[in-house]
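This is what each chain is made of:
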Amino acid sequence: MRPGPRLKKVWNGIYAVQSMVNAFLLIATVTIVVIQVFLRYVLKAPLMGIEEILLFPAIWLYMLGGASASWERTHIECGILTLYIKRPSTMKIFRLTKAMLSIGIGFWLLRWAYWYLTYGMRVQKTSAILHIPLII
């Protein structure tokens, strides 16, 4: 079943927004690191809490980068087992098992993310130095 042109347009629009967010976060992360290095080693005046600020875009980059790699099908894959599997039927079983494991891990992470979201909303925990809400 192929998606219709409207659905494909929506998904491509979402991916374009995600790519822009990735680019912004990448630039922000590099800028924060450059500022940190400049303040610490050139001016000898480290800024308190800059590592804490850096944590948020780094985590979002990690997750959104993985989603982008999956969308583009350019994620890193170690295909050692595929070199040893010769029969097409065994390869189909291997790919099915790999897909089922990926779906299972995805649902497990989704469950964990939902749990953390509800916990964060209930407790309203903040970061140690700058008191940024950890729900972000």
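Described below are features of the structure shown in this document. Bear in mind the structure is a predicted one, so any value in this text is a computation, not a measurement.

**Structural notes on the environment of Arg-95**
Then, number 1: As for its placement among the helices and strands, Arg-95 is situated in helix α4 (residues 88-123).
Then, number 2: With 13 residues separating them in the primary sequence, Arg-95 and Thr-82 have C-alpha atoms 9.4 Å apart.

**Some points on the packing of aromatic side chains**
Then, number 1: Applying the stated criterion across every chain yields a total of 5 aromatic pairs.
Then, number 2: Between the aromatic rings of Trp-11 and Trp-71, the centroid separation amounts to 6.3 Å while the plane-to-plane angle is 35°, which identifies the pairing as tilted. Remark: Trp-71 occurs in helix α2 (residues 50-72) and Trp-11 occurs in helix α1 (residues 5-42); sequence separation between them is 60 residues.
Then, number 3: For Trp-11, a relative accessible area of 43% corresponds to the partly exposed category.
Then, number 4: We classify Trp-71 as partly exposed; its relative accessible area is 42%.
Then, number 5: Here Trp-112 and Tyr-116 contribute two aromatic rings whose centre-to-centre distance is 5.9 Å and whose plane-to-plane angle is 15°, an arrangement assigned as stacked. Placement of the pair is Trp-112 and Tyr-116 together in helix α4, with a separation of 4 residues, close to one helical turn.

**A word on α2**
In an α-helix, one turn spans 3.6 residues; hence positions three or four apart end up facing the same way.
Then, number 1: With 23 residues, α2 extends 33 Å between its outermost C-alpha atoms, agreeing within 8% with the 33 Å of an ideal straight helix rising 1.5 Å per residue.
Then, number 2: For α2, the complete set of buried residues consists of Ile-50, Glu-52, Leu-54, Phe-56, Pro-57, Leu-61, Leu-64, Ser-68 and Ala-69.
Then, number 3: Buried residues in α2 make contact with α1.

**Examining the pattern of salt bridges**
Then, number 1: Taken as a whole, this structure holds 1 salt bridge when the rule is applied.
Then, number 2: One salt bridge in this structure joins Arg-40 and Glu-51, with 3.0 Å as the shortest N-O distance. Of this pair, Arg-40 sits in helix α1 while Glu-51 sits in helix α2, and the two are 11 residues apart along the sequence.
Then, number 3: On the accessibility criterion, Arg-40 (31% relative accessible area) is partly exposed.

**Side note on the side chain of Ser-68**
Then, number 1: Mapped onto the fold, Ser-68 is located in helix α2.
Then, number 2: In terms of polar contacts, Ser-68 uses its side chain to reach the side chain of Gln-18, at 3.0 Å.
Then, number 3: Side-chain polar atoms of Ser-68 contact the side chain of Asn-22, separated by 2.9 Å.

**Focus on the layout of surface pockets**
Then, number 1: The space that makes up the largest pocket amounts to roughly 1200 Å³.
Then, number 2: In this structure, the largest pocket is lined by 26 residues; those nearest its centre are Tyr-62, Met-63, Leu-109, Trp-112 and Ala-113.
Then, number 3: Broken down by secondary-structure element, the contributors of at least two residues to the lining of the largest pocket are α2 and α4.
Then, number 4: A total of 13 residues in the lining of the largest pocket trace back to one element, the largest contributor, which is α4.
Then, number 5: Residues of the lining of the largest pocket, tallied by class, amount to 20 nonpolar, 4 polar and 2 charged.
Then, number 6: Here the second largest pocket is characterised by a volume of approximately 150 Å³.
Then, number 7: As for the second largest pocket, its lining consists of Ser-70, Trp-71, Arg-73 and His-75.
Then, number 8: Per-class residue counts for the lining of the second largest pocket are 1 nonpolar, 2 polar and 1 charged.

Conventions and cut-offs
Residues numbered from 1 in each chain as written. Predicted model: local features only at pLDDT ≥ 70, side-chain atom pairs only at ≥ 80, totals over all residues. Heavy atoms only, no water. Helix = DSSP H or I, 4+ residues; strand = E, 2+ residues; numbered from the N terminus. Phe/Tyr/Trp six-rings, centres within 6.5 Å; stacked < 30°, edge-to-face > 60°. Buried < 20%, exposed > 50% of the residue type's maximum accessible area, 1.4 Å probe, protein only. Expected span 1.5 Å × (residues − 1). Contact = heavy atoms within 4.5 Å. Salt bridge = Lys/Arg side-chain N within 4 Å of Asp/Glu carboxyl O. Polar contact = N/O pair within 3.5 Å; in protein donor to acceptor, adjacent residues only side chain to side chain. 1 Å grid on protein atoms, 1.4 Å probe; cavity = no way out; pocket = protein on both sides within 12 Å on 5 of 7 lines; lining within 4 Å. Points joined across faces, edges and corners; volume = space filled by probe spheres on them. Nonpolar A, V, L, I, M, F, W, Y, C, P; charged D, E, K, R; others polar.

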